[in-house]
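Remarks on the overall topology
What follows is the residue order along each chain.
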Amino acid sequence: KDSMTKTIWKYKKPTAGFTMQDHCFKEANGFSNNSFSDSGIITAYTWWQNGIQYSSDSSPVFNFNQAGIWRVKLETKSSYGCVDSMSKNIIVHAIPKANFSFNTACENENLLLFNLSTVKNDTIASWSWTSLKGGGMDSFMQYNLPNQDSFMVKLVVESLHQCRDSISKQVK
């Protein structure tokens, strides 16, 4: 009888891995690809955003077009054809919209500035008012006007997730 011996190789799958921190919309995404392979080398990367193929780069830049929860998936393929994948939800936080209004004040009256800032799906956590006439950290500001001069006021607001916006207005 004839016989034949054939060696069958079993290769390990690569390990798909990445980290990406939750971040504010339009800010750097803190992305890091840490995939590896113990058998062969990784020859292909396929990235997905919310089920849509996004990139085949090993470390692409992700541009999220709006705030919200994004499902990111990385699929890796080794030189032996073995495949692994990893998925993670990334939260992209909304940026606040800084705004304020102010009353009409006469000479020697108080000028009141009212915070009108908003942020979607978050909370404004801090306010910072600055001007040549002083500043404050409350949600409103008050200045006594000894004369009818005008001056610039800047309001910086920050959400609970440290997303910021600012606005400056000339007040009088």
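Before reading further, recall that the structure is shown in the block above.
Residues numbered from 1 in each chain as written. Predicted model: local features only at pLDDT ≥ 70, side-chain atom pairs only at ≥ 80, totals over all residues. Heavy atoms only, no water.

1. As for the overall build of the protein chain
- When helices and strands are counted, the protein chain shows zero helices and 13 strands.
- Going residue by residue from the N terminus, the α and β elements of the protein chain occur as β-β-β-β-β-β-β-β-β-β-β-β-β.
- Against the compact-globule benchmark of 16 Å for 172 residues, the protein chain has a radius of gyration of 27 Å, which places it well outside the compact range.
- Structurally, the protein chain occupies a C-alpha span of about 115 × 25 × 20 Å along its principal axes.
- Counting all 172 residues of the protein chain, 34% fall into the buried class.
- If you take every contact in the protein chain between residues at least 6 apart in sequence, the share linking residues at least 24 apart comes to 53%.
- Total accessible area computed for the protein chain in this model is approximately 10,900 Å², and 49% of it derives from carbon and sulfur atoms.
- Within the protein chain, one finds 17 positive and 14 negative side-chain charges whose respective centroids are separated by 10 Å. (Helix = DSSP H or I, 4+ residues; strand = E, 2+ residues; numbered from the N terminus. Rg over C-alpha atoms; globule rule 2.2 N^0.38 Å. Buried < 20%, exposed > 50% of the residue type's maximum accessible area, 1.4 Å probe, protein only. Contact = heavy atoms within 4.5 Å. Areas by Shrake-Rupley, 256 points an atom, 1.4 Å probe, with all protein chains shown as cover. Lys, Arg positive; Asp, Glu negative; His and termini not counted. Charge placed at Lys NZ, Arg CZ, Asp CG, Glu CD.)

2. Brief notes about unusual backbone geometry
- Positive phi is not limited to glycine here, since N50 has a value of about 50°.
- Summarising the element assignment, N50 is placed in the loop between strand 4 (42-49) and strand 5 (52-55).
- Positive phi outside glycine occurs at Q162, with the angle close to 60°.
- Relative to the elements of secondary structure, Q162 occurs in the loop between strand 12 (151-159) and strand 13 (164-171).
- Q162 sits in the exposed class, given a relative accessible area of 56%.

3. Topic: the environment of G81
- Note that G81 resides in the loop between strand 6 (68-78) and strand 7 (83-93).
- What makes G81 partly exposed here is its relative accessible area of 40%.
- Once the C-alpha coordinates of G81 and I91 are considered, the two residues, ten residues apart in sequence, prove to be 32 Å apart.

4. Focus: the pairing of strand 12
- Taken together, the seven bridges between strand 10 (residues 124-131) and strand 12 define a ladder with antiparallel strand orientation. Residue T130 lies in a different strand from strand 12, and its bridge partner there is K154.
- For strand 12 and strand 13, the ladder comprises eight bridges, and the chain directions are antiparallel. Bridge pairing links V156 to S166 in strand 13.
- What sits between strand 12 and strand 13 in their antiparallel hairpin is a turn of four residues, with Q162 showing a positive phi close to 60°. (Pairing = 2+ DSSP bridges.)

5. Observations regarding the packing of aromatic side chains
- A full pass over the atoms with the stated rule returns eight aromatic pairs.
- When the ring of Y54 is compared with that of F62, the centres are 4.9 Å apart and the planes differ by 10°; the resulting orientation is stacked.
- Note on Y54: relative accessible area 31%, which makes it partly exposed.
- Residue classification places F62 among the buried residues on the basis of a relative accessible area of 4%.
- On the numbers, 5.2 Å between centres and 70° between planes, the contact of F100 with W129 is edge-to-face. With F100 in strand 8 (residues 100-102) and W129 in strand 10, this residue pair connects regions lying 29 residues apart in the sequence. With respect to class, F100 is no different from W129; both count as buried.
- Lying across the ring of F100, K169 places its NZ or CZ 4.9 Å from the centre. (Phe/Tyr/Trp six-rings, centres within 6.5 Å; stacked < 30°, edge-to-face > 60°. Lys NZ or Arg CZ within 6 Å of the ring centre and 35° of its normal.)

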